[in-house]
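Coordinates in review
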Amino acid sequence: MAKEKISNDQEQVEEKEVTETTAQEQNETAEQDAKSEKAEASKKDKKSKKEKPEDKIEALGKELQEIRDKHIRLQAEFDNYRKRTMREKMDLVKTGGETVIVNILPVIDDFERALMAFSEIDDKDPLKEGILLIYSKFQDFLKQNGIAEINALEKDFDTDLHEAVTKIPAPKEELKGKVVDVIQKGYLMNEKVIRFSKVVIGE
């Protein structure tokens with residue numbers, strides 16, 4: 001019995017020693033793993049620290065390039081806007097009184113009709129002199145405002161300048177496809193058509 005007890009005790013002691021040795025080995029392995037992990041992490045940190053300034057420089061370079069591109073685009077847009085507004089102002093100055101002039105043109109037409117009616121009357125007639133004086137003032141006013149009459153009679157028909165009212169047989173062979181009569185005069189304002197000539201075309 002005593003021998004059995006001693007052998008059991010010895011076995012238990014041996015088991016404890018084996019268990020303690022295994023635990024110690026496991027602890028040592030875990031410590032080594034932790035150390036190696038820390039070493040790898042520190043290496044990575046060092047690498048990332050080395051890479052960070054380069055990454056920052058690259059990022060700042062890209063940002064600077066984007067800012068430059070935006071600045072150039074904004075400059076170009078502003079330049080286009082400035083040119084467009086200047087052109088619009090010039091157009092307004094040129095054609096600002098277009099509506100007024102267009103409304104005056106029928107009055108000039110009436111003056112011309114009156115002068116045709118007075119063609120047989122002596123030029124020294126006071127009434128005819130008065131109409132001629134007013135008509136010449138109107139003509140001066142038109143010239144001062146850049147208004148020019150469209151010369152259409154016996155010219156080639158041009159859709160940019162003329163508006164065909166009707167066609168008639170041409171009195172001469174050379175007048176075919178040309179303007180043979182002007183029903184209403186057309187006018188240009190600074191080379192822009194403000195009223196088309198109403199014409200009759202020969203065919």
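Residues numbered from 1 in each chain as written. Predicted model: local features only at pLDDT ≥ 70, side-chain atom pairs only at ≥ 80, totals over all residues. Heavy atoms only, no water.

**Looking at the confidence of the model for the protein**
- Averaged over all residues, the pLDDT of the protein equals 78, while 74% of them reach at least 70.
- Across residues 1-5, where pLDDT falls below 50, the model places zero contacts with residues more than four positions away in sequence or in other chains. (pLDDT = per-residue confidence, 0-100. Contact = heavy atoms within 4.5 Å.)

**As for the sheet that holds strand β2 (residues 162-168)**
- With mixed pairing, the three strands of this open sheet are ordered in space as β2-β6-β3. Each of the sheet's edge strands pairs with one partner strand only, and the pair in question is β2 and β3 (179-184). Looking at each pair of strands side by side, their axes are set apart by 30° on average, direction ignored.
- When β3 meets strand β6 (residues 197-202), the two strands line up antiparallel, connected through four bridges. Among the inter-strand pairings, Gln184 is bridged to a residue of β6, identified as Lys198. (Pairing = 2+ DSSP bridges. Helix = DSSP H or I, 4+ residues; strand = E, 2+ residues; numbered from the N terminus. Axes fitted to C-alpha atoms, helices over the stretch in contact; angles between N-to-C directions.)

**Some thoughts on the nonpolar core**
- Core analysis: the biggest nonpolar cluster contains 14 residues, and Ile101, Ile108, Leu142, Ile147, Tyr187 and Ile194 have the highest contact counts within it.
- Tallying contributions element by element places helix α2 (residues 98-117) first for this core, with six residues.
- Excluding anything up to four places from it in sequence, Ile147 contacts Ile101, Leu142, Tyr187, Leu188, Met189 and Ile194. (Core = buried A, V, L, I, M, F, W, Y, C linked by side-chain atoms within 4.5 Å. Buried < 20%, exposed > 50% of the residue type's maximum accessible area, 1.4 Å probe, protein only.)

**Observations concerning the packing of α2 against helix α3 (residues 126-144)**
- One way to put it is that α2 packs onto α3 with a least axis distance of 10 Å and a crossing angle of 145°. Two packed elements cross with a definite hand, and for α2 against α3 that hand is left-handed. Along its contact with α2, which presents Ile101, Ile104, Val107, Ile108, Phe111, Glu112 and Leu115, the element α3 presents Ile131, Leu132, Ile134, Tyr135, Phe138, Gln139, Phe141 and Leu142.
- Across the contact of α2 with α3, the residue classes break down as 13 nonpolar, one polar and one charged. (Left-handed = near helix turned anticlockwise from the far one by under 90°. Nonpolar A, V, L, I, M, F, W, Y, C, P; charged D, E, K, R; others polar.)

**Quick word on the pattern of salt bridges**
- Following the criterion strictly, the structure yields eight salt bridges and no others.
- Residue Glu98 pairs with Lys192 through a salt bridge whose shortest N-O separation is 3.0 Å. In this pair, Glu98 is assigned in helix α2 and Lys192 in strand β5 (residues 192-195), connecting sequence segments 94 residues apart.
- For Glu98, a relative accessible area of 18% gives the class buried.
- A relative accessible area of 39% places Lys192 in the partly exposed class.
- One salt bridge connects Lys185 with Glu112, and the closest N-O pair in it is separated by 2.9 Å. Of the two residues, Lys185 is situated in the loop between β3 and β4 (187-189) and Glu112 in helix α2; the sequence distance between them amounts to 73 residues.
- Looking at Lys185, the relative accessible area reads 26%, which means it is partly exposed.
- Exposure remark for Glu112: the relative accessible area of 14% places this residue in the buried category.
- Via salt bridges that share partners, Asp79, Arg82 and Lys83 belong to a single interconnected network. (Salt bridge = Lys/Arg side-chain N within 4 Å of Asp/Glu carboxyl O.)

**Brief notes about α3**
- With 19 residues, α3 should reach 27 Å at 1.5 Å per residue; the first-to-last C-alpha distance of 27 Å fits that figure.
- By the burial criterion, the buried members of α3 are Lys128, Ile131, Tyr135 and Leu142. Viewed end-on, α3 has its buried residues packed into an arc of 65°, placing them on one side of the element. Among the exposed residues of α3, those pointing more than 90 degrees away from its buried face are Pro126, Lys137 and Gln144.
- Those residues of α3 that are buried lie in contact with α2, β1 (147-149) and β4.
- Its side-chain oxygen 2.9 Å from the backbone nitrogen of Leu127, Asp125 forms the N-cap of α3.
- Phi for Gly146, located one or two positions after α3, is positive at around 75°. (Expected span 1.5 Å × (residues − 1). Arc of directions from axis to C-beta. Polar contact = N/O pair within 3.5 Å; in protein donor to acceptor, adjacent residues only side chain to side chain.)

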